[in-house]
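# Overview (structure and organization)
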Amino acid sequence: MVWSDASHQLSFAKVSNPLVFRFENVGLRYGMGPEILRDISLEIPERSFQFLTGPSGAGKTTLLRLLFLALKPTRGLITVFGKDRARITRRELPLLRRRIGVVFQDFRLLDHMTTYENVALPLRIRGREESSYRNDVVDLLKWVGLGERMHVLPPVLSGGEKQRAAIARALIEQPEILLADEPTGNVDPPLARRLLRLFIELNRLGTAVVIATHDLTLMEQVDARRMILSDGRLDVYD
Amino acid sequence: MAGSMFMTDQAEAATRAAAPASPSRAAPMGASHRRTSPIVPEQNVAGRALVFVIAIMTFLSCLTLGAVSLVRDTASVWESQISREATIQIRPVDGLDMEQALADAARIASGFAGVLNARIVDRAATARLLEPWLGSGLDLDELPVPRLVVVRIDETAPPDFATMRSALTSQIQSASLDDHRTWVDRLVAMAHTTVTIGLAVLVLMLSATTLSVVFATRGAMDGNGHIIEVLHFVGAEARFIAAEFRRHFLWTGLKGALVGGVLAVLVFLAFGWWSSRNFATPEADQASALFGNFAIGLSGYIGVALVVLVIAALTAATSHFTVVRSLSEIDLSQQASS
């Protein structure tokens, strides 16, 4: 396969880079319910590439929400870009989120905005003039293969196109880490391979990547670190 | 910059690999040639309904405000017109030279500070006053009819009525002074009651408007929850999100309130026009006796403008607090696990 050549060239997570995330004995429960995540300890270095996998309901999305700072742990220590999660204030959260790109499973594109405007949204909310980012957005849309679809509204896009638009939106601010929740869940295998290639290319350019998936075929195409969640516990295979 | 970052040779290769095989379904267009969509969608069904609700409630509030303003102005005119005059009444008694007594009464009254003039109601005018009851061709000498002196008073510095009354009765025993105090007091009480009732209705109307606008705005905001969430998760600060919604709903509220306010003003102008067009007809006389000339005056127009601005501001404030609450709920969901 084409991808086997690419995979052996990558030595994901084997370089000792500074850490983006560090989890130490992290546990999480909803209300008074049982712990969804138990004693999670992991490190995600800069420029690393890893899959997060496990059976449905194992807590992949919950772990991603912890990584995206949308949840706080019940116990344990999370360090984000060297800062203790417990000490991050509400005012600091937007600034940190801009360093983390997220691709949601359901895309979360705004239907009244074109693909171009959806992708440009993170820059627009920072108050930047459109002329200062127009070329960047157009280049990125071409890069993800949506150059011809930039003025189309999301309801007209196919599932794969929406997925790529969501990826482009997550990348436009050049985040230090990209979190993708089942990015190939709604696309056919050829498009899944194309998306994976996008993520690998992005990682080569310096962004750490975490892909939550239970698509074994996808994972077999890349020799990357695997984090396997099962019964709320995490096993990491470098 | 993203542009330079993504336009590497590798990126070019990735572009070719990732580009969809299907042909384009939309013609490419320069991004600069398009008007940027607002972050909050301009119109939807809930937004249009909100404009209608705001327009209707503003219209009703402005009508109520105008009506209260009309009643208040009319009541104050009643008060001032009645208290502008006092009447000296001289009853005919044996041995009284009525004409001399009338002249004396007018002279005594005119001598008091605060009296602008004293006018004797002459025999012809008195006969006209009695004509509806006693018919025409009345000979006043045949009947013991009291005669009147109308005293015009300076409203700003009225005379001392008690002293005037004792001066009159000391010289003309059958004279009496009616300063209309009892009548004015009753009229003032009635006018104040009417204005108070009007103000109470206005307060109820504004309360109903406030509640309607708040709930309609919250209803319109319900459809925007996903926008707040997306903005939040792409790193927008709370004040940015709140400002976007505030601006959008301020404009929505202003549109609705302006329509309602302008319609209310048109109604008042139409009534004023009808009133002036039918001047001196029995219908207009009756209406103007009750409501004056249907002009709400400068204070009424200022009131309408204030209602419009307050309702627009209320809509914006409601959207602001709804955004703040939504963001708090998102943040609280972070704590749900704690």
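No experiment lies behind these values; they were computed from the predicted model shown. (Residues numbered from 1 in each chain as written. Chains lettered and ligands numbered in written order. Predicted model: local features only at pLDDT ≥ 70, side-chain atom pairs only at ≥ 80, totals over all residues. Heavy atoms only, no water.)

## A closer look at the confidence of the model for chain B
Detailed reading of the predicted coordinates is not advisable wherever pLDDT falls low. Residue and element names in this part refer to chain B. Spelled out, the test is: pLDDT expresses, on a scale from 0 to 100, how confident the predictor is about each individual residue. In what follows, a contact means two residues having at least one pair of non-hydrogen atoms within 4.5 Å.
Residues of chain B with pLDDT of at least 70 account for 82%, and the chain-wide mean is 79. Scored below 50 in pLDDT, residues 1–32 makes 65 contacts in the model with residues more than four places away or belonging to other chains. This complex was scored by the predictor with a pTM of 0.69 and an ipTM of 0.81.

## Concerning the environment of His151 of chain A
The condition that has to hold: A run of H or I in DSSP becomes a helix once it reaches four residues, and a run of E becomes a strand once it reaches two; helices and strands are each numbered from the N terminus.
Within the secondary structure, His151 of chain A is located in the loop between α5 (130–143) and α6 (159–171). Considering only alpha carbons, one finds His151 of chain A and Thr114 of chain A, 37 residues apart in sequence, at a separation of 5.1 Å.

## Details of a nonpolar patch on the surface
Residues and elements named next belong to chain B. Definition in use: Residues qualify for a patch when their relative accessible area is over 30% and they have no salt bridge, like charges being joined within 9 Å and the nonpolar side chains of Val, Leu, Ile, Met, Phe, Trp and Tyr within 5 Å. Surface accessibility in these figures is a Shrake-Rupley result with a 1.4 Å probe; residues are shielded only by whichever protein chains are displayed. Salt bridges are defined by distance alone: a side-chain nitrogen of Lys or Arg within 4 Å of a carboxyl oxygen of Asp or Glu. Burial classes: relative accessible area under 20% of the type maximum marks a residue as buried, over 50% as exposed, and values in between as partly exposed (1.4 Å probe, protein chains only).
Residues Leu258, Val259, Val262, Leu263, Leu266, Leu269 and Tyr301 make up a contiguous nonpolar surface patch of about 600 Å² in total accessible area. Of the residues forming the nonpolar patch, the biggest block, six residues, is contributed by helix α9 (residues 238–277). Following the sequence through the fold, Tyr301 ends up in helix α11 (residues 297–335). When its relative accessible area of 31% is taken as the criterion, Tyr301 is described as partly exposed.

## Some thoughts on the sheet that holds strand β2 (residues 115–120) of chain B
Residue and element names in this part refer to chain B. How we decide: Only strands joined by at least two bridges in the DSSP assignment are considered to pair. Lines fitted to C-alpha atoms define the axes here, with helix axes fitted over just the stretch in contact, and angles between the N-to-C directions of these axes take values from 0 to 180 degrees.
A sheet is described by the order of its strands in space; here four strands give the open sequence β2-β3-β1-β4, paired in antiparallel fashion. Looking at which strands have only one partner, the edges of the open sheet turn out to be β2 and β4 (175–178). Put simply, the sheet's adjacent strands are angled 20 degrees from each other on average, direction ignored. Note that β2 and strand β3 (residues 147–153) share five bridges and pair antiparallel. Pairing of Arg119 across the sheet is with Val150, part of β3. Lying on the sheet, helix α6 (residues 161–171) is in contact with β1 (85–90), β2, β3 and β4; it crosses β4 at an angle near 165 degrees.

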